[in-house]
Amino acid sequence: MVFTRRPAAVLTAIVAACAMAISLTACTTDANSQDTADDQTTVTSSAPGVVAMFTPSDGITLNQQTPLNKWAKLTPNLTKALTSAGFKKGDISRTTSDSLDKQSRAIQDYVVNHLSGSNTTDDAGIVISPDNITLLVAPVVEADASTRQYGDYVSQELSTADTAEGSDSTDSSDSSNSSDSSDSSTGSDSTDDSSSDASKTVGDSKNAAQDEAVDRLVSSLKLAKESGMHVVLMGNSIKGYKPDAFVRFSDAQAIGKLQAEKIVSKLELSKASKDNPKYIEVLMPYTAVDESGEASDSTFVQEAFRGIWQVLGAYYQKGVVESPSGTLNGNSTEDDWQSVAYDASKEGSTAKVLDARLAKADEHASPTRIDGIIAMNDYIASEVVTELDDLGYTGSAADINPQITISGIVGNITGKKDLSRSDVPDPIKSPEKDDSADSTDSADTQDDSTATDKTDKTKDSQWPLVTGYGAYVSNIPSIVNGKQWMTGIEDRQTLAENIAEACALLNKGQTLTSMSSVRNTEVGGKKKVPTISGPLLAVSASNLKVTLIDPGYISLADAGL
């Protein structure tokens, strides 16, 4: 009896085991393929894995005017894009730091903890292999006040200890020469020496801390790569370090070039002539001296002017574009940035510079004719708008195309109607240079002269095109009413989607060659680095709805509607 029951029990057990096996097979097929060991599972399939973001804390712009190009604005876009690419929210971490020292320590701790096994599983107990982890790192780089006005994404390069040491020796030599000169020309040697020594001590201490933070960051990122993790640098590069990929946002040259190109297109400079040139002023704001009293790095402003001159230079050389102030002319080159640069850290400096550049011949004269002003960023553009109003300029950028009215712009933004446009005729010869009236009788000539004089004065006081960058929320109403003609911004959503795609590919062990937004460039002195980039968005009243409102970057209330 016992023996007859055993086969039945065995059969039942076999059937149950088979059912469990089939069930497990189905589960394994539906879920990720996993290897089991010591009550933990290691991901071995093409699962997206983990992404750890390390970004700087948002900088503060002057007067709390806030550009849309902020890290706090990008990280939500990145998180959304990563989840859409298949990453779990629990596998996406974000860490912000207000200094390179804190950021380098946070990255070091993250890498060491994952490699030591103290933080290698997710909530489901799945072991995360290093090659399924991507670090998204935007190195914290100090920026002066004028550079911060462009937002947080402006690409800069973090110097390594070797570079810093070279700079220090030069600065030390310059300081020594300056000190010698000071000693020979003043009678307060001991006071100057004491102050100089104190400043030098503080500077040396700061440089030493910076060097230590850079070394820690580079060592941590190298350890991460050696272990199998992937490193993607965002915005700021590191001299001498080669990441798996680099995300290039805006840079000085691209910002300058964008504004120059839009001015060329809007003013139709290809149709301008020497007899009726367009008048353009270029403002290059920068911080001449940093917080420690040392001369600031002028690389940014030099590159920005280079981008502008690559576009406008040819028109100045042909004589179809002139600078009312004479700061730029046909003999200028891309190295003449100092001709249009000024220290914007001083209160009211922009107004003073613009007032001098557009000075009237006398107090009774009409305003100096100006067709376009490249203000570089929205903070400066807001000051330009205020000063132009004070100088007596009237109208708006909408007047350059009369069929685009302010009401039409508002209607388009709120979705009520589309804009219609037509070109405004601009004579090849300016009225004051036109000799066609010589054959008319004296009475007609006098009448024409009076009419022409009124037309000239109206033309002289016409509001010019004012460009900027950063899409400051506080400036959007000026974009709508045409006082500021255009601004610029990074296409955050598209960049976020491309970054997410790159993270997924890297975690799967694949290259980024399939991505159309990626091309090899030189980064931090290292060649052939896969670089993700995209064109900057130019925003004006005519496309503000599509570029800023529809994507959710701003609301109708932000636009003052």
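This is a predicted model, so every value here is computed, not measured.

Participant: Outline the overall build of the chain, supporting the account with residue identities and numerical values.
Facilitator: When you go through the chain residue by residue, the secondary structure sums to 15 helices and 20 strands. The burial tally for the chain puts 44% of its 561 residues in the buried class. Long-range pairs, those at least 24 residues apart, make up 74% of the contacts in the chain with a sequence separation of at least 6. Accessible surface computed for the chain: about 27600 Å², of which carbon and sulfur atoms make up 49%.

Participant: I'd like a description of a positive patch on the surface, backed by residues and values.
Facilitator: Taken together, the side chains of Lys-222, Lys-242, Lys-526, Lys-527 and Lys-528 present a region of like positive charge at the surface. By residue number, the principal contributor to the positive patch is strand 19 (residues 526–532), which donates three residues. Along the chain, Lys-526 falls in strand 19.

Participant: Please set out the pairing of strand 3 (residues 50–56) residue by residue, giving values where relevant.
Facilitator: The buried count for strand 3 comes to seven of seven residues, which makes it a mostly enclosed element. Neither face of strand 3 is exposed, since Val-50, Ala-52, Phe-54 and Pro-56 on one face and Val-51, Met-53 and Thr-55 on the opposite face are all buried. Summarising the sheet, strand 3 and strand 6 (residues 133–137) pair through five bridges and their orientation is parallel. Counted as the bridge partner of Val-51 is Thr-134 from strand 6. Note that strand 3 and strand 4 (residues 92–97) share six bridges and pair parallel.

Participant: Would you mind going over helix 3 (residues 100–116) in detail, with residue names and values included?
Facilitator: Between its first and last C-alpha, helix 3 extends 24 Å over 17 residues, near the 24 Å set by a 1.5 Å rise per residue. Restricting attention to buried positions, one finds in helix 3 the residues Leu-100, Gln-103, Ser-104, Ile-107, Tyr-110, Val-111 and His-114. The arc that holds the buried residues of helix 3, viewed along the axis, is 125 degrees, so those residues lie on one side. Count one or two residues on from helix 3 and you reach Gly-117, which has phi positive near 90 degrees.

Participant: So what's going on with the sheet that holds strand 3? Residues and values would help.
Facilitator: Across the sheet, seven strands lie side by side as 4-3-6-8-10-19-18; this open sheet has mixed pairing. Of all the strands in the sheet, just strand 4 and strand 18 (518–523) have a single pairing partner and so form its edges. The sheet shows a mean angle of 30 degrees between the axes of neighbouring strands, direction not considered. In this structure, strand 10 (residues 245–247) lies alongside strand 19, joined through two bridges in parallel fashion. Across the sheet, the residue bridging to Val-247 is Ile-532, located in strand 19. Against the sheet, helix 14 (residues 492–507) contacts strand 3, strand 6, strand 8 (230–234), strand 10 and strand 19, and its axis sits at roughly 145 degrees relative to strand 6.

Participant: Which residues make up the pairing of strand 11 (residues 278–282), and what values go with them?
Facilitator: Judged by how many residues are buried, strand 11 sits mostly within the fold: five of five residues are covered. Of the pairings in the sheet, the one linking strand 11 to strand 13 (residues 321–322) comprises two bridges and is parallel in character. Counterpart to Tyr-279 in the pairing with strand 13 is Glu-322. Pairing analysis gives three bridges linking strand 11 to strand 15 (residues 372–374), with the strands arranged parallel.

Participant: Report on the pattern of salt bridges, specifying residues and quantitative values.
Facilitator: Summed over all chains, the structure comprises 13 salt bridges. Lys-102 is the partner of Asp-98 in a salt bridge, and the nearest nitrogen-oxygen pair spans 3.3 Å. With its nearest N and O atoms 3.3 Å apart, the salt bridge here joins Asp-101 to Arg-216. Pair noted here: Asp-101 is in helix 3 and Arg-216 is in helix 6 (residues 189–227), with a separation of 115 residues, a long-range link. The partly exposed category is assigned to Asp-101, whose relative accessible area is 30%. A network of salt bridges, in which partner residues are shared, links Asp-101, Arg-105, Glu-212 and Arg-216.

Participant: Any chance you could break down the nonpolar core for me, citing the residues and the numbers?
Facilitator: Membership of the largest hydrophobic core comes to 40 residues, with the highest contact counts inside it found for Met-284 and Leu-312. Secondary structure elements with two or more residues in this core: helix 7 (252–266), strand 11, strand 12 (284–286) and helix 8 (299–318). Sorting elements by how many residues they give to this core places helix 8 first, with ten residues.

Participant: Provide a residue-level description of the packing of aromatic side chains, including the pertinent values.
Facilitator: With the rule as written, the count across this model stands at eight aromatic pairs. Ring plane angle 85 degrees and centroid distance 5.7 Å describe the contact between Trp-71 and Phe-249, whose orientation is recorded as edge-to-face. Placement of Trp-71 in helix 2 (residues 71–84) and of Phe-249 in the loop between strand 10 and helix 7 is noted, with a sequence separation of 178 residues between them. You'll find Trp-71 and Phe-249 in the same group, each marked buried. One aromatic cluster in this structure is built from Trp-71, Tyr-153 and Phe-249. Over the ring of Trp-463 we find Lys-483, and its NZ or CZ is 4.0 Å from the ring centre.

Participant: So what's going on with unusual backbone geometry? Residues and values would help.
Facilitator: For Glu-268, which is not glycine, the phi torsion reads 50 degrees and is therefore positive. By the element assignment, Glu-268 lies in the loop between helix 7 and strand 11. Of note, Met-376 is a non-glycine position whose phi angle comes to about 75 degrees, a positive value. Looking at the element boundaries, Met-376 is found in the loop between strand 15 and helix 10 (378–390). What makes Met-376 buried here is its relative accessible area of 0%.

Scoring rules and cut-offs
- Residues numbered from 1 in each chain as written.
- Predicted model: local features only at pLDDT ≥ 70, side-chain atom pairs only at ≥ 80, totals over all residues.
- Heavy atoms only, no water.
- Helix = DSSP H or I, 4+ residues; strand = E, 2+ residues; numbered from the N terminus.
- Buried < 20%, exposed > 50% of the residue type's maximum accessible area, 1.4 Å probe, protein only.
- Contact = heavy atoms within 4.5 Å.
- Areas by Shrake-Rupley, 256 points an atom, 1.4 Å probe, with all protein chains shown as cover.
- Patch = residues over 30% accessible without salt bridge, like charges linked within 9 Å, V, L, I, M, F, W, Y side chains within 5 Å.
- Salt bridge = Lys/Arg side-chain N within 4 Å of Asp/Glu carboxyl O.
- Lys, Arg positive; Asp, Glu negative; His and termini not counted.
- Charge placed at Lys NZ, Arg CZ, Asp CG, Glu CD.
- Pairing = 2+ DSSP bridges.
- Expected span 1.5 Å × (residues − 1).
- Arc of directions from axis to C-beta.
- Axes fitted to C-alpha atoms, helices over the stretch in contact; angles between N-to-C directions.
- Core = buried A, V, L, I, M, F, W, Y, C linked by side-chain atoms within 4.5 Å.
- Phe/Tyr/Trp six-rings, centres within 6.5 Å; stacked < 30°, edge-to-face > 60°.
- Lys NZ or Arg CZ within 6 Å of the ring centre and 35° of its normal.

Function cannot be read off these values alone, since they describe shape.
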